[in-house]
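Structural features, examined
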Amino acid sequence: MPSANTRDLTPEEARARLEEVLEVYRAAWDASASLLDHLRGRIRHSLSLVPGTRIAVVEDEQTSQLHSMLFGHAYHPSSWWPRQVQGALETAGLADWTRDAFEVVEVATAPWARGRGFARALLEHLHATMPQTTSLLSTGPDNPARALYRRCGYVELLPNFRYEVTGSPAVVLGYRRA
């Protein structure tokens, strides 16, 4: 089995390799062209304007082919996802999770690379290197990744959350560094 390297891309590398990062996401989630365009714009915006933006990858050490990706940034109450979850976290008495948090926006592993621990490696890399004390993310209630998140130390903060705009169900999870 080839060796893999887990690391953060520099902002310059992230810009140069954006289409490779998006291809991992497309392959992982069978993402539509419109969703990829949205994510492309969001990543470009974040790399330029959002403090603490990170794109971490798992790549083949010999070929540099990307197998897995993680995109996120410091939690900013004024951005879209925090505006969706902040009130529910406050109502549940969990606002302290947002005070010094990293928001995991996307995690994806290409189908050819699944089952090799790459998503876990990305989350462990994030937890070992993030300056924040907590990490927050959401997933669908039926997503098998919930089990992975729990194995990586995440707890379910809002297991029955619904997005205000779409009504879509989600589970909001948080990781707190010891």
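Structural notes, computed from the coordinates. In this text the structure is predicted, and so the values were computed from the model without any measurement.

**Re the packing of helix α2 (residues 18–29) against helix α3 (residues 33–49)**
It is the contact of α2 with α3, at a shortest axis distance of 11 Å, that shows an interaxial angle of 135°. Between α2 and α3, the crossing angle belongs to the class labelled oblique. Crossing geometry of α2 relative to α3 is assigned as right-handed. In contact with Leu18, Glu19, Leu22, Tyr25 and Arg26 of α2, α3 contributes Leu35, Leu36, Leu39, Arg40, Ile43 and Arg44. Within the contact of α2 with α3, the residues separate by chemical class into seven nonpolar, no polar and four charged.

**Some words on the pairing of strand β5 (residues 134–139)**
The buried fraction of β5 amounts to five of the six residues, a majority that puts the element mostly inside the structure. Pairing between strand β4 (residues 101–109) and β5: three bridges, direction parallel. Bridge pairing in β5 places glutamate 103 opposite leucine 136. Crossover connection from β4 via helix α5 (residues 118–129) to parallel β5: handedness right-handed. Relative to strand β7 (residues 169–176), β5 is paired through six bridges, and the arrangement is antiparallel. For serine 135, the partnering residue across the bridge sits in β7 and is tyrosine 175.

**Quick word on the layout of surface pockets**
The computed volume of the largest pocket comes to approximately 750 Å³. Together, 25 residues line the largest pocket, and Tyr25, Val105, Glu106, Ser138 and Tyr163 are the ones closest to its centre. Of all the secondary structure elements, the ones that give two or more residues to the lining of the largest pocket are α2, α3, α4 (80–91), β4, β5 and β7. Broken down by element, the residue count for the lining of the largest pocket peaks at five residues, all from β4. Taken together, the residues that form the lining of the largest pocket break down as 15 nonpolar, seven polar and three charged. Taken as a whole, the second largest pocket encloses approximately 370 Å³ of empty space. Lining the second largest pocket we find 19 residues, and of these Thr109, Arg114, Ala119, Ala145 and Leu148 sit closest to its centre. Of all the secondary structure elements, the ones that give two or more residues to the lining of the second largest pocket are β4, α5 and α6 (145–151). Examining the composition of the lining of the second largest pocket, we find that five residues originate from one element, α6, more than from any other. By residue class, the composition of the lining of the second largest pocket is eleven nonpolar, four polar and four charged.

Calculation criteria
- Residues numbered from 1 in each chain as written.
- Predicted model: local features only at pLDDT ≥ 70, side-chain atom pairs only at ≥ 80, totals over all residues.
- Heavy atoms only, no water.
- Axes fitted to C-alpha atoms, helices over the stretch in contact; angles between N-to-C directions.
- Helix = DSSP H or I, 4+ residues; strand = E, 2+ residues; numbered from the N terminus.
- Parallel < 35°, antiparallel > 145°, perpendicular 65-115°, else oblique.
- Left-handed = near helix turned anticlockwise from the far one by under 90°.
- Contact = heavy atoms within 4.5 Å.
- Nonpolar A, V, L, I, M, F, W, Y, C, P; charged D, E, K, R; others polar.
- Buried < 20%, exposed > 50% of the residue type's maximum accessible area, 1.4 Å probe, protein only.
- Pairing = 2+ DSSP bridges.
- Right-handed = clockwise from strand over helix to strand, strands pointing away.
- 1 Å grid on protein atoms, 1.4 Å probe; cavity = no way out; pocket = protein on both sides within 12 Å on 5 of 7 lines; lining within 4 Å.
- Points joined across faces, edges and corners; volume = space filled by probe spheres on them.

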